[in-house]
Amino acid sequence: MTAHPEIVPSVVDRIKQTMVALKMPRAIEILDATVRRLEHGEMTALEAIDALLAEEFTLRENRRIKTALVMARLSTIKTLAGFGFSFQPSLDKNRIMALAELKFIARAEVLHLVGPPGTGKSHLSLALGVEAVKAGRSVYFTSLADLVGALAKAEREGTLREKIRFFCRFALLIVDEIGYLPVIPGGGNLFFQLVNARYEKGAMILTSNRGFAEWGDVFGDPVVATALLDRLLHHAIVIQIEGSSYRLRQHADLVPEHIRSKALIQPPPQTPQPKRRGRPTKNGGIDHANG
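Residues numbered from 1 in each chain as written. Predicted model: local features only at pLDDT ≥ 70, side-chain atom pairs only at ≥ 80, totals over all residues. Heavy atoms only, no water.

**Some details on the pattern of salt bridges**
Taken as a whole, this structure holds 13 salt bridges when the rule is applied. Between Arg231 and Asp230 there is a salt bridge; the shortest N-O distance is 3.4 Å. By sharing partners, the salt bridges in this structure join Arg26, Glu29 and Glu55 into a single network. (Salt bridge = Lys/Arg side-chain N within 4 Å of Asp/Glu carboxyl O.)

If you want it as structure tokens, here you go:
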């Protein structure tokens, strides 16, 4: 039986003091147990060092991610693993998982998630934001109403340029709920100034329950809407989500039919309309009028 030399207590004390100076709380916490395993021959010296550093790194990384999530305003943590792809068959799961590689951020592209309420747009945007934070990218999440409100306040206070620079600092800006609430007068122009400042410089994720053809109504100005889309669709990925609300899946029978039908997004005229019941054609196929 091979004897394993005992580690002199004074050496362990010096290691602890060094760890305190280096601010390594997790390594200090497991040091004694690691030393015992080392003395009993359960691990080598290199394995002990590796274990101490790995535990400390994990602690610091978890702290970094937690802080970054708070700074990004991603208070509601969503994951791609927790998304109900089976409930939204219109989505290509492989395409969504490819987005999680975050190459669109490096290319400063705009990702549009468009669909009726409750179909998972915000969930996907939050999940991609979490992936970006884990990868060390700076992220900021906000609703369009809050964003425009912040820009309007800055304009009144004479600090609009500084506020736009603030929103341009982030590698990924997520703007949620475009079309849910009316935009305040002049809000479209303020949003355009921010979009223009980030154009080809920073990535964005935009979620909307309204088709692009309706953005003139959303922003109250067709000219501003056209200018916005000119930039937001230039380097863009558009994902249309079709289907019913995930949140109402267990209570769909309680929602009046006319409300359910109005919840479906109306795409631009040049794109197919949501599917309706088709009628037979001469060749035996189905003629999907408006679909």
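**Digging into the packing of helix H8 (residues 160-168) against helix H9 (residues 187-198)**
A pair of packed helices is characterised by two quantities: the angle between their axes and the separation of those axes. Two elements in contact, H8 and H9, have axes whose closest approach is 10 Å; the angle formed by their N-to-C orientations is 50 degrees. Relative to H9, H8 is oriented oblique. As H8 packs across H9, the resulting crossing turns out to be right-handed. Here Leu160, Ile164, Phe167 and Cys168 of H8 come into contact with H9, specifically with Leu190, Gln193, Leu194, Ala197 and Arg198. Taken together, the residues of the contact of H8 with H9 sort by class into 7 nonpolar, 1 polar and 1 charged. (Axes fitted to C-alpha atoms, helices over the stretch in contact; angles between N-to-C directions. Helix = DSSP H or I, 4+ residues; strand = E, 2+ residues; numbered from the N terminus. Parallel < 35°, antiparallel > 145°, perpendicular 65-115°, else oblique. Left-handed = near helix turned anticlockwise from the far one by under 90°. Contact = heavy atoms within 4.5 Å. Nonpolar A, V, L, I, M, F, W, Y, C, P; charged D, E, K, R; others polar.)

**Points about the packing of helix H1 (residues 9-21) against helix H2 (residues 25-39)**
In contact at an axis separation of 10 Å, H1 and H2 are set at 160 degrees when each is read in the N-to-C sense. As judged from the angle between their axes, H1 and H2 are roughly antiparallel. Crossing angle aside, the handedness with which H1 passes H2 is right-handed. Across the interface between the two elements, Val12, Ile15, Lys16, Met19 and Val20 of H1 pack against Ala27, Ile28, Leu31, Asp32 and Val35 of H2.

**Observations regarding the sheet that holds strand E1 (residues 110-114)**
An order of E2-E3-E4-E1-E5 is seen for the 5 strands of this open sheet, with the pairing classed as parallel. A single partner strand is all that each edge strand has here, and the edge strands are strand E2 (139-143) and strand E5 (236-240). Between one strand and the next, the sheet's axes are offset by a mean angle of 15 degrees, whatever the strand orientation. Two elements, E2 and strand E3 (residues 172-178), share 5 bridges in a ladder whose sense is parallel. Across the sheet, residue Ser143 finds its bridge partner in E3, namely Asp176. Set on the sheet, helix H7 (residues 144-156) makes contact with E2 and E3; between it and E2 the angle comes to about 100 degrees. (Pairing = 2+ DSSP bridges.)

**Examining a nonpolar patch on the surface**
Taken together, Leu46, Ile49 and Leu53 make up a surface patch of nonpolar side chains, about 320 Å² in accessible area. Along the chain, Leu46 turns up in helix H3 (residues 45-71). (Patch = residues over 30% accessible without salt bridge, like charges linked within 9 Å, V, L, I, M, F, W, Y side chains within 5 Å. Areas by Shrake-Rupley, 256 points an atom, 1.4 Å probe, with all protein chains shown as cover.)

**Some details on the packing of aromatic side chains**
Two aromatic rings are characterised by how far apart their centres lie and by the angle between their planes. Inspection of every chain in the model, using the stated rule, returns 9 aromatic pairs. Their ring planes at 70 degrees and their centres at 5.5 Å tell us that Tyr140 and Phe167 sit as a pair that is edge-to-face. Here Tyr140 is found in strand E2, whereas its partner Phe167 is found in helix H8, with 27 residues between them in sequence. Like Phe167, Tyr140 is buried. Plain terms: the ring middles of Phe166 and Phe167 are 5.2 Å apart, the flat faces sit at 70 degrees to each other, and that makes the pair edge-to-face. With relative accessibility at 3%, the residue Phe167 sits in the buried group. Here a set of aromatic residues connected by ring pairs shows up, and it is made of Tyr140, Phe166, Phe167 and Phe170. Lying across the ring of Phe166, Lys163 places its NZ or CZ 5.3 Å from the centre. (Phe/Tyr/Trp six-rings, centres within 6.5 Å; stacked < 30°, edge-to-face > 60°. Buried < 20%, exposed > 50% of the residue type's maximum accessible area, 1.4 Å probe, protein only. Lys NZ or Arg CZ within 6 Å of the ring centre and 35° of its normal.)

**Focus: the pairing of strand E4 (residues 203-208)**
The buried count for E4 comes to 6 of 6 residues, which makes it a mostly enclosed element. With burial as the criterion, each face of E4 is covered, one bearing Ala203, Ile205 and Thr207 and the other bearing Met204, Leu206 and Ser208. Alignment of E3 against E4, held across 5 bridges, turns out to be parallel. Note that in E4 the partner of Ile174 across the bridge is Ile205. Once you follow E3 into H9 and on to E4, the crossover reads as right-handed. (Right-handed = clockwise from strand over helix to strand, strands pointing away.)

**Observations concerning the confidence of the model for the protein**
With 80% of its residues at a pLDDT of at least 70, the protein reaches an overall mean of 85. Overall, residues 247-252 carries pLDDT values under 50, and its contacts beyond four positions in sequence, including any with other chains, amount to 5 contacts. Note that pLDDT drops below 50 for residues 258-291; the model gives that stretch 45 contacts with residues more than four away or on any other chain. (pLDDT = per-residue confidence, 0-100.)

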